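Reading the structure
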Amino acid sequence: MQSVVAVSKGGLAISTSSAATAIRNPRRIRRVSLMSERQGFCSGARKVVSELNLGLGPVEMANVQGIFRSRDRARYIPVHASSGDLEDVPSSKLEKKSSASVLPYVAVACLGAILFGYHLGVVNGALEYLAKDLGIAENTVLQGWIVSTSLAGATVGSFTGGALADKFGRTKTFILDSIPLAIGAFLSATSQDVRTMIIGRLLAGVGIGISSALVPLYISEISPTEIRGALGSINQLFICIGILVALVAGLPLAGNPAWWRSMFGIAVIPSILLALGMLFSPESPRWLFQQGKITETETAIKRLYGKEKVAEIMLELKAGSVSSTEPDANWLDLFSKRYWKVVSVGAALFLFQQLAGINAVVYYSTSVFRKAGIASDVAASALVGAANVFGTAIASSLMDKKGRKSLLVTSFTGMAASMLLLSLSASWKALAPYAGTLAVTGTVLYVLSFSLGAGPVPALLLPEIFASRIRAKAVSLSLGMHWVSNFVIGLYFLSVVNKFGISVVYLGFSSVCVLAVLYILGNVVETKGRSLEEIERCFCIC
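Remember, predicted model here, so these are calculated numbers, not experimental data.

1. With respect to the packing of aromatic side chains
- Applying the stated criterion across every chain yields a total of five aromatic pairs.
- For the ring pair Phe116 and Trp483, a centre distance of 5.3 Å and an interplane angle of 40° mean the geometry is tilted. Separated by 367 residues along the polypeptide, Phe116 in helix α2 (residues 91-133) and Trp483 in helix α18 (residues 471-500) bring together distant segments of the chain. When sorted by exposure, Phe116 lands in the same class as Trp483, which is buried.
- Above the ring of Phe168, the side-chain terminus of Lys167 is found at 5.7 Å from the ring centroid.

2. Overview of a nonpolar patch on the surface
- Taken together, the side chains of Val484, Phe487, Val488, Leu491, Tyr492, Val496, Phe500 and Val504 define a hydrophobic patch exposed on the protein surface, amounting to about 700 Å² of accessible area.
- Counting residues per element, the nonpolar patch draws most heavily on α18, which supplies seven residues.
- Checked against the element boundaries, Val504 lands in helix α19 (residues 502-523).

3. A closer look at the side chain of Lys473
- As for its position among the elements, Lys473 is in helix α18.
- Residue classification places Lys473 among the buried residues on the basis of a relative accessible area of 9%.
- In terms of polar contacts, Lys473 uses its side chain to reach the side chain of Asp166, at 3.2 Å.
- Each residue touching Lys473, except ones within four places of it in the same chain, is listed here: Gly162, Asp166, Ala329, Asn330, Trp331 and Leu334.

4. Here's the deal with the environment of Tyr218
- Here Tyr218 is to be found in helix α5 (residues 194-222).
- Its relative accessible area of 0% is what places Tyr218 among the buried residues.
- Separated by 109 residues in sequence, Tyr218 and Ala109 place their C-alpha atoms 7.6 Å apart.
- If we skip the residues at most four places from it in the chain, Tyr218 touches Tyr105, Ala109, Arg170, Thr171, Phe174, Met278, Ser281, Pro282 and Ser284.

5. Considering the packing of helix α3 (residues 140-168) against helix α4 (residues 170-190)
- One way to put it is that α3 packs onto α4 with a least axis distance of 7 Å and a crossing angle of 130°. Considered as vectors, α3 and α4 are oriented oblique to each other. When the axes of α3 and α4 are compared, the crossing they make is right-handed. Packed against α3, whose contacting residues are Gly161, Leu164, Ala165, Asp166 and Phe168, the element α4 presents Arg170, Lys172, Thr173 and Leu176 at the interface.
- Each residue belonging to the contact of α3 with α4 can be placed in one class, and the counts come to four nonpolar, two polar and three charged.

About the criteria used
Residues numbered from 1 in each chain as written. Predicted model: local features only at pLDDT ≥ 70, side-chain atom pairs only at ≥ 80, totals over all residues. Heavy atoms only, no water. Phe/Tyr/Trp six-rings, centres within 6.5 Å; stacked < 30°, edge-to-face > 60°. Helix = DSSP H or I, 4+ residues; strand = E, 2+ residues; numbered from the N terminus. Buried < 20%, exposed > 50% of the residue type's maximum accessible area, 1.4 Å probe, protein only. Lys NZ or Arg CZ within 6 Å of the ring centre and 35° of its normal. Patch = residues over 30% accessible without salt bridge, like charges linked within 9 Å, V, L, I, M, F, W, Y side chains within 5 Å. Areas by Shrake-Rupley, 256 points an atom, 1.4 Å probe, with all protein chains shown as cover. Salt bridge = Lys/Arg side-chain N within 4 Å of Asp/Glu carboxyl O. Polar contact = N/O pair within 3.5 Å; in protein donor to acceptor, adjacent residues only side chain to side chain. Contact = heavy atoms within 4.5 Å. Axes fitted to C-alpha atoms, helices over the stretch in contact; angles between N-to-C directions. Parallel < 35°, antiparallel > 145°, perpendicular 65-115°, else oblique. Left-handed = near helix turned anticlockwise from the far one by under 90°. Nonpolar A, V, L, I, M, F, W, Y, C, P; charged D, E, K, R; others polar.

In structure tokens, the structure reads:
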């Protein structure tokens, strides 16, 4: 039987079967210098990391090529190996098999994303009816508390989710997360007073805050490199679907005002399904390996990708562990000189996402559509929601082809142009006859542009660029920035509009989008087609 050694432009890369043979016979591995000439990533640096101990003997590497996937074209030289090697399996078949086998577990995790979107959207249609039932129809302050309490809970949840995921693992944290999600939904559905409703919304908020950090983290860690972008963007797609489901769930309200209780109660079902699904889902191999649970890591890899992939993925994890042998970071480590630059990128992306005006556009979409002759609030919300889902679906198909950075630049550029159009339609008298049409066009184009990059990419990119020892906490910190900025913008947005006018506010959002493009071009790296361990090694040696 023959093994295959790939000789690439930068040097030698050992194939799957060779790696398996090496694990059984370390003496067959000699010192190999792996040089990478990948321009555009790590500034094309050529640095040598010496004496990486992979459990196979000393090997010298520079920018070790990701075993999940190599972007260099290679020549293949047959090398005779012992008869105990793994069977030769076409790589395309292995990729398809591993890609298909992770989909059920990604689907289970996306229940958290659906609940995220549903709990955010369900209160919008139900608020008028629950306010009458609870006797607060004339009290806008308490109505505001019911809406905003979930955002406050989400802020708390996003900060605690990372610590829980590091301590208990990803799947157990999902199970714990289902508790506040289910109890919060139940209390909201059965509440007879405002206090119970607010407690229910607070618990649901804590649950969606944990989910907002945990879902992209788990998906990124179990997804094969070649489709990690597509699967990661599914998180945003299912958030949009959750919002749409909440909209559809509100349709019977006109004929049955008490239906709002059922709208909240429905959320209990996916919460329970999330817990049950995670009982049978494999833990993240990367978390298990980081905890030193080698046997459990191999078992998880078999379930996720098949036994044929165990050798190469273990080799990749061992290579990555050289740069991450330290224990999990504490919160203060995130602000150290070593990590602050990459952590600040994550926080900045979510800050730009919120300051770019997505919530303002959604908030004003109803009045914009009414001026254009679309009187139905449901129709207006459905159009915005459909544009969001459509754009996110397109982004999912392009994520692993065009890359994360290019989609972010395209997205924020389109958002800047759309916001400028909205500003002009609201202020330029020459456009007054077409103001309604232009406003609807600008709104739909903005939402489409947002869903192409600014919406799905940050949650996908962050788990990719953060080192394993800070990944969970850094994702939580960045998501915390998302929820804090969301809360502050919601608190002061109307006051700013009343003082300066919506046209000036739209122009300000457009300027933020332009600044975001400049920031992304100068600070965000492309991660398409690279394993998490490869990205981490590159950051460590650059």
